[in-house]
Amino acid sequence: MKKITIAIDGYSSTGKSTIAKQLAKALGYIYIDTGAMYRAVTLFAIRNGFIGGAQDNPQALVKLLPKLNLKFVYNEALEFSEMYLNNENVEDEIRTLAVSSKVSEIAAIEQVRYKLVDIQKQMGKEKGVVMDGRDIGTVVLPDAELKLFMTASSEKRATRRYKELIDKGEKVTFAEVLKNVEHRDYLDTHREFSPLKMAENAIEFDNSDMGLKEQFERIYNYAIRVIEK
Ligand code: DC
């Protein structure tokens with residue numbers, strides 16, 4: 001069967017990674033979560049006091065960027081690749097609200113995007129990849145054969161994220177999560193360098209009122225149609 005490249009963009013907490021993982025599994029493709037890379041850089045910045053401390057110092061982060069090692073290591077038991085920052089598995093730590101509330105600021109730094117987009121382009125060179133993020137269809141993989149743009153209401157998205165965080169034992173309120181979702185939407189769509197926007201040839205997919213099964217079936221069919229074309 002012919003292999004294609006699939007780019008999935010959209011707002012935060014629209015279930016991009018869920019559908020991306022399902023598609024990768026069903027098609028035997030590699031899944032790349034670019035948000036995890038921005039989160040890992042953010043964790044590094046927080047740990048070193050470059051952001052969120054008494055004095056933010058993004059320029060100090062920029063200086064250290066060449067030394068940052070980011071890689072994905074496939075976890076066979078979990079059936080997906082986990083994020084490693086300088087050889088440490090940071091998969092859990094990068095999903096906390098502390099990282100989520102700072103990641104859009106880090107993702108807006110030109111040099112950070114430059115470094116990560118470069119790595120992502122390399123990873124997406126071979127066909128048979130599903131990559132999700134905010135600028136995949138527009139900047140990272142503009143030639144992707146299938147581009148999806150995921151949306152859902154901010155309340156629905158905050159409800160999903162709130163449940164995930166509570167299940168993980170984080171102490172957060174729904175209001176905090178909703179505020180974070182809306183704030184990230186604003187920052188992601190208003191930043192100067194590759195802001196979140198729908199690629200011209202993307203399919204917009206609103207899953208506010210759709211179950212996972214129906215969503216998967218519909219999107220899988222789009223993929224098969226493109227593959228068989
Ligand atoms: O998909 P996510 O919520 O894990 O992404 C975390 C943040 O990283 C998100 O707020 C925006 C940023 N991001 C980005 O700017 N570009 C990408 N390709 C992926 C994520």
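Residues numbered from 1 in each chain as written. Predicted model: local features only at pLDDT ≥ 70, side-chain atom pairs only at ≥ 80, totals over all residues. Heavy atoms only, no water.

1. Focus: helix α5 (residues 110–123)
Residues three or four positions apart in an α-helix share a direction because the helix packs 3.6 residues into each turn. For α5, built from 14 residues, the straight-helix expectation of 20 Å at 1.5 Å per residue is met to within 8% by its first-to-last C-alpha distance of 20 Å. Here α5 has its buried residues at V112, R113, K115, L116, V117 and Q120. In this structure, the buried residues of α5 make contact with α2 (34–47), α3 (58–64), β3 (70–75), α4 (97–107), β6 (129–133) and α6 (136–140). (Helix = DSSP H or I, 4+ residues; strand = E, 2+ residues; numbered from the N terminus. Expected span 1.5 Å × (residues − 1). Buried < 20%, exposed > 50% of the residue type's maximum accessible area, 1.4 Å probe, protein only. Contact = heavy atoms within 4.5 Å.)

2. Some words on unusual backbone geometry
Residue S13 is not a glycine yet carries a positive backbone phi of 60°. Locating S13 in the fold gives a position in the loop between β1 (5–10) and α1 (16–27).

3. Quick notes on the pattern of salt bridges
When the charged atoms of two side chains lie near each other, side chains of opposite charge can form a pair. According to the stated counting rule, one finds 16 salt bridges in the structure shown. The closest approach of N and O atoms between R161 and E164, which form a salt bridge, is 3.4 Å. Of this pair, R161 and E164 both sit in helix α7 (residues 154–167), three residues apart, which is roughly one turn of that helix. You can call E164 partly exposed: its relative accessible area is 42%. Salt bridges sharing partners connect three or more residues here, namely D33, E91 and R95. (Salt bridge = Lys/Arg side-chain N within 4 Å of Asp/Glu carboxyl O.)

4. Looking at the nonpolar core
For soluble globular proteins, the rule of thumb is that nonpolar side chains tend to be buried together. The biggest cluster of nonpolar side chains holds 36 residues, and the ones touching the most others in it are V41, L61, L70, M83, L85, I106 and V112. At the level of secondary structure, the elements contributing two or more residues to this core comprise α2, α3, β4 (80–85), α4, α5, β6 and α6. With eight residues, α2 is the single largest residue contributor to this core. Setting aside its immediate chain neighbours within four residues, V41 contacts L61, L65, L68, L70, I106, V112 and L116. Listed in part, the 21 residues of the second largest apolar core include I19, L27, M150 and I227. (Core = buried A, V, L, I, M, F, W, Y, C linked by side-chain atoms within 4.5 Å.)

5. Remarks on the side chain of E91
With respect to the secondary-structure elements, E91 resides in the loop between β5 (88–89) and α4. Overall, the relative accessible area of 9% leaves E91 in the buried class. Looking at E91, its side chain comes within polar contact range of the side chain of R95, at 2.8 Å. The residues touching E91, leaving out its near neighbours within four places in the chain, are F80, S81, E82 and M83. (Polar contact = N/O pair within 3.5 Å; in protein donor to acceptor, adjacent residues only side chain to side chain.)

6. Considering the site of the ligand
Not every one of the 15 residues close to the ligand is listed here, only the nearest: R39, R113, R134, D135 and R191. Here an oxygen atom of the ligand sits 3.2 Å away from a polar atom, N or O, in the side chain of S104. Here R184 contributes a side-chain N or O atom positioned 3.1 Å from an oxygen atom of the ligand. Secondary-structure elements contributing two or more residues to the shell around the ligand are α2, α4 and α8 (174–190). Sorting elements by how many residues they give to the shell around the ligand places α2 first, with four residues. (Near = heavy atom within 4 Å.)

7. Structural notes on α7
If you check α7, its first and last C-alpha atoms are 20 Å apart, about what 14 residues at 1.5 Å a residue would give, namely 20 Å. Buried within α7 we find S154, R157, A158, R161 and L165. Angular distribution of buried residues about the axis of α7 spans 95°; they occupy a single face of the element. What points out from α7, more than 90 degrees from its buried face, is the exposed set K163 and D167. Close packing links the buried residues of α7 with α2, α4 and α8. (Arc of directions from axis to C-beta.)

8. Concerning the sheet that holds β6
On the basis of which strands lie adjacent, the open sheet formed by five strands has the order β2-β6-β1-β7-β8 and parallel pairing. Of all the strands in the sheet, the pair left with one neighbour each is β2 (30–33) and β8 (203–206). Adjacent strand axes in the sheet meet at a mean angle of 20°, parallel and antiparallel pairs treated alike. As paired elements, β1 and β6 share five bridges and run parallel to each other. Bridge pairing in β6 links D9 to G133. Across the sheet, α2 is in contact with β2 and β6; its angle to β2 comes to roughly 40°. (Pairing = 2+ DSSP bridges. Axes fitted to C-alpha atoms, helices over the stretch in contact; angles between N-to-C directions.)

No statement about biological role is implied by the geometric values presented.
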